[in-house]
Amino acid sequence: MRFDTKIAVAVHQDLAVWQKLNVAAFLTSAIAAADQTLIGAPYRDASGNLYLAMSRQPILVFAGTGEALKATHRRALDRNERIAIYTRELFATGHDEANRAAVAAVAAESLDLVGLALHADRRTVDKVMKGLVLHP
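Residues numbered from 1 in each chain as written. Predicted model: local features only at pLDDT ≥ 70, side-chain atom pairs only at ≥ 80, totals over all residues. Heavy atoms only, no water.

Notes on the environment of Val11
Reasoning step 1: With respect to the helices and strands, the residue Val11 is situated in strand β1 (residues 5–12).
Reasoning step 2: Judged by its relative accessible area of 1%, Val11 falls in the buried class.
Reasoning step 3: It is 9.5 Å that separates the C-alpha atoms of Val11 and Leu132, two residues lying 121 residues apart in sequence.
Reasoning step 4: Every residue in contact with Val11, bar those within four places of it in the chain, is listed here: Lys20, Val23, Ala24, Phe62, Ala63, Gly64, Leu69, Val114, Gly115 and His135. (Helix = DSSP H or I, 4+ residues; strand = E, 2+ residues; numbered from the N terminus. Buried < 20%, exposed > 50% of the residue type's maximum accessible area, 1.4 Å probe, protein only. Contact = heavy atoms within 4.5 Å.)

In structure tokens form, the structure reads like this:
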């Protein structure tokens with residue numbers, strides 16, 4: 001099935017595997033929270049067990065350098081796209097309020113980005129994610 005929109009997550013290629021997974025999970029939660037229509041119906045197995053609903057469309061995961069993530073961030077902001085971000089400082093915080101304070105303390109051009117996510121028109125996502133590669 002082809003969708004008019006794309007969901008894309010980008011992570012810093014040099015992170016430890018656990019960090020990449022953590023960043024991707026947090027960023028994906030932001031995309032889902034921003035647009036409830038992205039979530040499908042709950043799942044049920046043949047035994048009758050009910051499972052939580054998931055995204056209705058695929059989520060593409062990209063990887064890139066810190067510089068590539070900065071360029072991606074700039075392209076998204078230049079297009080006035082709402083994005084989710086994850087900065088390196090968030091690995092050291094322990095709760096949501098501290099996370100927001102850590103981001104608020106740094107100007108956009110100085111953010112130490114280790115991940116970002118976007119849900120937008122397919123062409124817009126392609127333009128914003130230009131230069132990143134699908135995560136291996």
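Topic: unusual backbone geometry
Reasoning step 1: Backbone geometry places Asn80, a non-glycine residue, at a positive phi of 55°.
Reasoning step 2: The exposure class assigned to Asn80 is exposed, which follows from its relative accessible area of 70%.

Some details on the sheet that holds β1
Reasoning step 1: Strand order in the open sheet formed by five strands is β5-β6-β1-β4-β7, with mixed pairing between adjacent strands. In this open sheet, the two edge strands, each paired with only one partner strand, are β5 (83–87) and β7 (133–134).
Reasoning step 2: Pairing analysis gives five bridges linking β5 to strand β6 (residues 113–121), with the strands arranged antiparallel. Residue pairing in the sheet places Thr87 in a bridge with Leu113 of β6.
Reasoning step 3: Together, β1, β4 (59–64), β5 and β6 form the strand contacts of helix α1 (residues 17–34), whose direction differs from that of β1 by roughly 150°.
Reasoning step 4: Seen against the sheet, helix α2 (residues 66–78) touches β1, β4, β5 and β6 and runs at an angle of roughly 35° to β6. (Pairing = 2+ DSSP bridges. Axes fitted to C-alpha atoms, helices over the stretch in contact; angles between N-to-C directions.)

Considerations on the environment of Thr72
Reasoning step 1: By the secondary structure assignment, Thr72 is in helix α2.
Reasoning step 2: By relative accessible area, Thr72 is classed as buried at 0%.
Reasoning step 3: For the pair Thr72 and Ala98, spaced 26 residues apart in sequence, the C-alpha to C-alpha distance is 25 Å.
Reasoning step 4: Leaving out residues up to four positions away in the same chain, Thr72 has contacts with Leu116, Val128, Met129 and Leu132.

Keep in mind these numbers describe shape, not what the thing actually does.
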